[in-house]
Amino acid sequence: MRAHRDQEILRDLYLGDSYVLDIRASRGVLAITVEFALAPEHPAYTSPRPGEQYCYLKGVLLFEKVTDLSWSGQLSSRPSQDPDGSIDYGNIDALTMEGTRYMVHGDLGAIELRASTMRIVYSTDGSSSGGSY
């Protein structure tokens, strides 16, 4: 079982300090929109904004060619509303991988799935880039 820090595309992210903004599952795809907390080693890292601990970058954690998906505990915690009115579903405490099996655990509940690929598509001023694993 490999932890998220062992996976190249997740190595420069602090998932425990990132915020899940949305989760959407459709036929063959799971998309988790996240405000990612970047480690200084991340290529898009800049100094944190005043009053923030981390540099944040919005993106989508995208699982593709999903064949099995189970999501438990998704209603066990309520989303929080930030002072600016935005909603978040908490943090990702753990993301592990074994072959094509992925496990995502956190305030969002526990998601277990099988997918051919996992990648991140980042949003920056309307453009996007990403990596695959």
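The preceding data block contains the structure.
Residues numbered from 1 in each chain as written. Predicted model: local features only at pLDDT ≥ 70, side-chain atom pairs only at ≥ 80, totals over all residues. Heavy atoms only, no water.

Helix and strand content of the chain: zero helices and twelve strands. Buried positions account for 35% of the 133 residues belonging to the chain. A separation of at least 24 residues holds for 58% of the contacts in the chain among residues at least 6 apart in sequence. Counting only carbon and sulfur atoms, one obtains 46% of the accessible surface of the chain, whose full area is about 7600 Å². (Helix = DSSP H or I, 4+ residues; strand = E, 2+ residues; numbered from the N terminus. Buried < 20%, exposed > 50% of the residue type's maximum accessible area, 1.4 Å probe, protein only. Contact = heavy atoms within 4.5 Å. Areas by Shrake-Rupley, 256 points an atom, 1.4 Å probe, with all protein chains shown as cover.)

A separate point is unusual backbone geometry. With phi around 55°, Lys65 is a residue other than glycine that occupies positive phi space. In this fold, Lys65 is placed in the loop between strand 4 (55–64) and strand 5 (68–72).

As a further point, take the pattern of salt bridges. If you walk through the whole model with that rule in mind, you get three salt bridges. Of the charged contacts in the structure, one is a salt bridge between Asp22 and Arg24, with a shortest N-O distance of 2.7 Å. Looking at Asp22, the relative accessible area reads 23%, which means it is partly exposed. Using a relative accessible area of 59% as the deciding quantity, one classes Arg24 as exposed. The shortest N-O distance in the salt bridge between Arg119 and Glu64 comes to 3.1 Å. Of this pair, Arg119 sits in strand 11 (residues 117–124) while Glu64 sits in strand 4, and the two are 55 residues apart along the sequence. Under the relative-accessibility criterion, Arg119 is labelled partly exposed at 27%. (Salt bridge = Lys/Arg side-chain N within 4 Å of Asp/Glu carboxyl O.)

Another aspect to go through is the environment of Val29. Tracing the backbone through its elements, the reader meets Val29 in strand 3 (residues 29–38). The class for Val29 is partly exposed, based on a relative accessible area of 27%. For Val29 and Leu69, which are 40 residues apart along the polypeptide, the C-alpha to C-alpha distance reads 9.6 Å. Discounting chain neighbours no more than four positions away, the residues touching Val29 are Arg24, Leu62, Phe63 and Val66.

Before going further, it helps to examine the side chain of His42. As for its placement among the helices and strands, His42 is situated in the loop between strand 3 and strand 4. We classify His42 as buried; its relative accessible area is 10%. Only 3.2 Å separates the side chain of His42 from the side chain of Tyr122, close enough to count as a polar contact. (Polar contact = N/O pair within 3.5 Å; in protein donor to acceptor, adjacent residues only side chain to side chain.)

What follows covers the environment of Lys58. Residue position: Lys58 is located in strand 4. Once you skip the residues sitting within four places of it in the chain, Lys58 turns out to touch Leu21, Thr33, Val34, Glu35, Tyr122 and Ser123.

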